[in-house]
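# Observations on chain architecture
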Amino acid sequence: MESIGVLMMCPMSSYLENELQKRFNLLRFWTSPEKSVFLETHRNSIRAVVGNAFAGADAQLINDLPKLEIVSSFSVGLDKIDLGICKDKGIRVTNTPDVLTEDVADLAIGLIIALLRRLCECDRYVRSGKWKQGDFKLTTKFSGKSVGIIGLGRIGTAIAKRAEAFSCPINYYSRTVKPDVAYKYYPTVVDLAKNSDILVVACPLSDETRHIVNRQVMDALGPKGVLINIGRGPHVDEQELVKALTEGRLGGAALDVFEKEPHVPEELFGLENVVLLPHVGSGTVETRNAMADLVVGNLEAHFSGKSLLTPVV
């Protein structure tokens, strides 16, 4: 397989890069200053694209690569891949589900606790020497709070199970009712927000879910409610989020993802009722290596004529 051209869109994992290099003719797209020249030079040798949550395979890239057979995503999300064109052209698509579920769910609970108990602010309080001047202010309890989850898929379900351990009532919104769960279903996100202390975004990004958390939802969540986003940045209308937080209409937010990563609204930097993370939901050595193994395994399966491990298209 050493002659098969694999286009890696951006730096993702040194382990993944090394594993691809061992098996294929790895082409690093980000190293070329002239992208159009690079593609023209290698267009007939590239048979696979490896992307992630930041850079995938859009219509232009797919059309520029006439020999492309498979797009393997180092991510569970597929919003950076033009699935329609892939289907039309018979290009296979894979992602990395399941292996990152536990890490993302763990982080969601961590964000909730960090926000409600003001852990980041507490850390700064100690480091600045303010503790010597008096005790830190009282914070908010997590146990027993109602948790509303937008999207009860793998990750949403894993978050729900963890929140249950804190004696939290679980509510959810999804495209359809889940008949095999005992959690309370709400038919709209606004209704879910009205009946939740904590609103967690855990659904896939699509045209329908873009800005699914808008001003109306934030107002329904209210000045005592908090928003947690471990899904995708565009799930939340960031301009409205900034307004809701600065105007006191929303109690707080903990965010691992943003609309235009790595750019974050600077208005959020000075707010103590906000926790900001640099999209690290699956960012552990163990999970990233498992994701890399899935990417490589899918490519090897495809080019060996075997069944894909995690097919999407």
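Residue indices begin from 1 for each chain and proceed along its sequence in written order. Local features in this predicted model are restricted to residues of pLDDT 70 or higher, and side-chain atom pairs are both shown and tallied only at a pLDDT of 80 or more, whereas totals for entire chains, interfaces and linings draw on every residue. To obtain the side-chain values, all non-hydrogen atoms of the structure were used and water was disregarded.

### So, the overall build of the chain
Only DSSP runs of H or I reaching four residues or more are called helices, and only runs of E reaching two or more are called strands; each is numbered from the N terminus. Scanning the chain from N- to C-terminus turns up 11 helices and 12 strands. Both definitions apply: the radius of gyration is a C-alpha atom measure, and the globule rule equals 2.2 Å times residues to the power 0.38. Expected size for 313 residues packed as a compact globule is a radius of gyration near 20 Å; at 21 Å, the chain falls within 12% of this value. Taking the principal axes of the C-alpha coordinates as reference, the chain spans close to 65 × 50 × 30 Å. In the chain, which comprises 313 residues, the proportion classed as buried is 50%. Only the protein chains shown count as cover for residues, with accessible areas throughout obtained via the Shrake-Rupley method and a probe of 1.4 Å. Per element, the accessible surface of the chain, about 15,200 Å² overall, is 50% carbon and sulfur. In this tally, Asp and Glu contribute negative charge and Lys and Arg positive charge; neither His nor the terminal groups of the chain are included. Positions of charges follow a simple convention, taking NZ of Lys, CZ of Arg, CG of Asp or CD of Glu. Positive and negative charge centroids in the chain, built from 36 and 38 side chains respectively, lie 3 Å apart. Burial here depends on accessible area, computed with a 1.4 Å probe over protein chains only, as a share of the maximum for the residue type. Under 20% is buried, over 50% is exposed, and the range in between is partly exposed.

### Some remarks on the state of the cysteines
Disulfide: a pair of cysteine sulfur atoms within 2.5 Å of each other. Enumeration according to the criterion identifies zero disulfides in this entry. In this structure Cys10 is a free cysteine whose sulfur lies 17 Å from that of Cys86, the closest cysteine sulfur available.

### Concerning the layout of surface pockets
Approximately 280 Å³ is the volume found for the second largest pocket. For the lining of the second largest pocket, the residue count by class is five nonpolar, four polar and five charged. Residues are called lining when one of their atoms sits within 4 Å of a cavity or pocket point, these points coming from a 1 Å grid over the protein atoms alone, where a cavity is a set in which a 1.4 Å probe fits but cannot get out and a pocket is an open set with protein on both sides within 12 Å along at least five of seven lines. Grid points are joined across faces, edges and corners, and a volume is the space filled by probe spheres set on the points. Classification convention: Asp, Glu, Lys, Arg as charged; Ala, Val, Leu, Ile, Met, Phe, Trp, Tyr, Cys, Pro as nonpolar; all other residues, Gly among them, as polar.

### Thoughts on the sheet that holds strand 8 (residues 184-185)
Strand pairing is assigned whenever DSSP detects at least two bridges linking the two strands. Across the sheet, which stays open at both edges, the seven strands sit in the order 8-7-6-9-10-11-12 with parallel pairing between neighbours. At either end of the open sheet lies a strand with only one pairing partner, and these are strand 8 and strand 12 (274-276). When strand 7 (residues 170-173) meets strand 8, the two strands line up parallel, connected through two bridges. Looking at the pairing, Tyr172 lines up with Tyr185 of strand 8. Strand contacts of helix 7 (residues 154-164): strand 6 (147-150), strand 7 and strand 9 (198-201), with the helix running at about 170 degrees to strand 6, the strand carrying the most contacts. We call two residues contacting when some pair of their heavy atoms lies within 4.5 Å. Angles run from 0 to 180 degrees between N-to-C directions of axes, and those axes are lines fitted to C-alpha atoms, restricted for helices to the stretch in contact.

### Some thoughts on the packing of aromatic side chains
A pair of aromatic rings is counted whenever rings of Phe, Tyr or Trp (Trp by its six-membered ring) have centres within 6.5 Å, and the orientation is called stacked for planes under 30 degrees apart, edge-to-face for over 60 and tilted otherwise. Across all of its chains, the model carries five aromatic pairs by this definition. Between Phe29 and Phe38, the aromatic rings sit 5.7 Å apart at their centres with planes inclined by 55 degrees, giving tilted as the arrangement. Like Phe29, the residue Phe38 is buried in the burial classification. Here, a charge over a ring means that NZ of Lys or CZ of Arg falls within 6 Å of the ring centre while also lying within 35 degrees of the ring normal. Its guanidinium or amino end placed over the ring of Phe29, Lys35 lies 5.5 Å from that ring's centre, counting from NZ or CZ. Geometry around Tyr186 places Lys184 over its ring, the cationic atom sitting 5.2 Å from the centre.

### Section: the UniProt feature "domain: D-isomer specific 2-hydroxyacid dehydrogenase NAD-binding" (unreviewed entry) in the chain
On the UniProt side, "domain: D-isomer specific 2-hydroxyacid dehydrogenase NAD-binding" (unreviewed entry) is annotated at positions that read residues 109-281 here. Helix makes up 29% of residues 109-281 and strand makes up 14%, while its end C-alpha atoms are separated by 11 Å. UniProt positions are given in the numbering used here, feature names are shortened, and annotations may be inferred rather than shown by experiment.

### Structural notes on the packing of helix 1 (residues 14-23) against helix 11 (residues 285-303)
Close contact between helix 1 and helix 11 brings their axes to 9 Å; oriented N to C, the two are set at 25 degrees. Judged by the inter-axis angle, helix 1 sits roughly parallel to helix 11. By crossing handedness, the relation of helix 1 to helix 11 is classed as right-handed. Residues Tyr15, Leu16, Glu19, Leu20 and Arg23 of helix 1 form the contact with helix 11, whose own contacting residues are Asn289, Ala292, Asp293, Val295, Val296, Leu299 and Glu300. Any angle that is under 35 degrees is reported as roughly parallel, and any over 145 degrees as roughly antiparallel; angles of 65 to 115 degrees are reported as roughly perpendicular and all others as oblique. The crossing is said to be left-handed when, going from far helix to near helix, the turn is anticlockwise and less than a right angle, and right-handed when the turn is clockwise.

### Topic: the UniProt feature "domain: D-isomer specific 2-hydroxyacid dehydrogenase catalytic" (unreviewed entry) in the chain
The positions that UniProt labels "domain: D-isomer specific 2-hydroxyacid dehydrogenase catalytic" (unreviewed entry) are, in the present scheme, residues 11-312. Helix makes up 36% of residues 11-312 and strand 14%. Its end C-alpha atoms lie 23 Å apart.

### Some words on the packing of helix 5 (residues 101-116) against helix 7
Their axes nearest at 9 Å, the elements helix 5 and helix 7 cross at an angle of 50 degrees. Compared by their axis directions, helix 5 and helix 7 come out oblique. Note on packing geometry: the crossing formed by helix 5 with helix 7 is right-handed. Between helix 5 and helix 7, the contacting residues are Thr101, Glu102, Val104, Ala105, Asp106, Ala108 and Ile109 on the first element and Arg154, Ile155, Ala158, Ile159, Arg162 and Ala163 on the second. By residue class, the composition of the contact of helix 5 with helix 7 is eight nonpolar, one polar and four charged.

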